[in-house]
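Architecture and fold: a report
Listed below, chain by chain, are the residues.
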Amino acid sequence: MTFASILLVLLASFIHASWNLLAKRAAPVGPVFVFAYNLFSCAAYAPWVFWLLMRGDGVAWTRSGVAFVLLSGCIHLVYSLCLQRGYQVADLSVVYPVARGTGPMLSTLGAFLILGEMPSGHGVLGLVLVVAGIGLIATQGDFSTFRRPGGQSGVRWGAVTGGFIASYTVVDA
């Protein structure tokens, strides 16, 4: 990996962590924050999208393509609302790792159960390690965290959010 690639990964990590900290701090206003950042994103991207559409040599729009774009937008919206709700009722340190770990876990289970992929020993071990890692990160090694106020709701909202992460991962692909 080149030095520039490492810097980009570190920058993306910093931006992602900062974004989630901002989202947690804005949790009391929940849907208002989601509306505001989606409105800002639409306004920021609109000129670029308009330019791509006007070029004419871009994506060939089909009904199924438009349906996937709309479905992806709806899933991202519900994901954002669930994440904000999780941040309203529980700690970021519980909701975030559960949400981020549940998405890949569900994708892997879906590949095994729905797509019929045969799990290797390494695949199953990786899945078990992901689940264990989620638990350790969310509780900092103290599993009694789940019995504290907000612990169980943090896991529930994190898991629901992770389900939407898995969903938009599939739809966006």
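Residues numbered from 1 in each chain as written. Predicted model: local features only at pLDDT ≥ 70, side-chain atom pairs only at ≥ 80, totals over all residues. Heavy atoms only, no water.

This next bit is on the overall build of the chain. In terms of regular secondary structure, the chain is built from six helices and zero strands. Secondary structure elements of the chain occur, N-terminal to C-terminal, as α-α-α-α-α-α. When the backbone C-alpha atoms are referred to their principal axes, the chain occupies close to 55 × 45 × 40 Å. Put simply, the chain has 173 residues, and 27% of those count as buried. A separation of at least 24 residues holds for 77% of the contacts in the chain among residues at least 6 apart in sequence. Taking the 9 positively charged and 5 negatively charged side chains of the chain as two groups, their mean positions are separated by 10 Å. (Helix = DSSP H or I, 4+ residues; strand = E, 2+ residues; numbered from the N terminus. Buried < 20%, exposed > 50% of the residue type's maximum accessible area, 1.4 Å probe, protein only. Contact = heavy atoms within 4.5 Å. Lys, Arg positive; Asp, Glu negative; His and termini not counted. Charge placed at Lys NZ, Arg CZ, Asp CG, Glu CD.)

Quick look at the side chain of Gln84 now. Locating Gln84 in the fold gives a position in helix α3 (residues 63-89). Other than its neighbours up to four places away in sequence, Gln84 contacts Ala23, Ala26, Ala27, Gly30, Phe33 and Val34.

The first and last C-alpha atoms of helix α5 (residues 121-139) sit 27 Å apart over 19 residues, in line with the 27 Å expected at 1.5 Å per residue. When we look at burial in α5, the residues that qualify are Leu127, Ile134, Gly135, Ala138 and Thr139. Taken down its axis, α5 places every buried residue within 115 degrees of arc, on the same side. More than 90 degrees from the buried face of α5, the exposed residues found are Gly121, His122, Leu129 and Ile137. (Expected span 1.5 Å × (residues − 1). Arc of directions from axis to C-beta.)

All right, on to the side chain of Thr161 then. Residue placement: Thr161 occurs in helix α6 (residues 151-172). Within the structure, Thr161 has its side chain in polar contact with the backbone oxygen of Trp157 (distance 2.7 Å). Those residues within four positions of Thr161 in sequence are excluded, and the remaining contacts are Tyr79, Cys82, Leu83 and Ala99. (Polar contact = N/O pair within 3.5 Å; in protein donor to acceptor, adjacent residues only side chain to side chain.)

This part is about the confidence of the model for the chain. Taken over all residues, the pLDDT of the chain has a mean of 87, while the share at 70 or more is 97%. Across the chain, α3 holds the top mean pLDDT of 94, while α5 sits lowest at 82. (pLDDT = per-residue confidence, 0-100.)

Here we come to the nonpolar core. Phe33, Tyr79, Leu83, Tyr87, Val95, Ile165 and Tyr168 are the most contacted members of the largest nonpolar core, which has 16 residues in total. Those elements that place two or more of their residues in this core are α2 (31-55), α3, α4 (92-113) and α6. Broken down by element, this core gets its largest block of residues, four residues, from α3. (Core = buried A, V, L, I, M, F, W, Y, C linked by side-chain atoms within 4.5 Å.)

So, about α3. Taking 1.5 Å per residue, 27 residues should reach 39 Å; α3 reaches 39 Å between its end C-alpha atoms and fits that length. Along α3, the residues classified as buried are Ser72, Ile75, Tyr79, Ser80, Cys82, Leu83, Gln84, Gly86 and Tyr87. At its buried positions, α3 is contacted by α1 (3-25), α2, α4 and α6.

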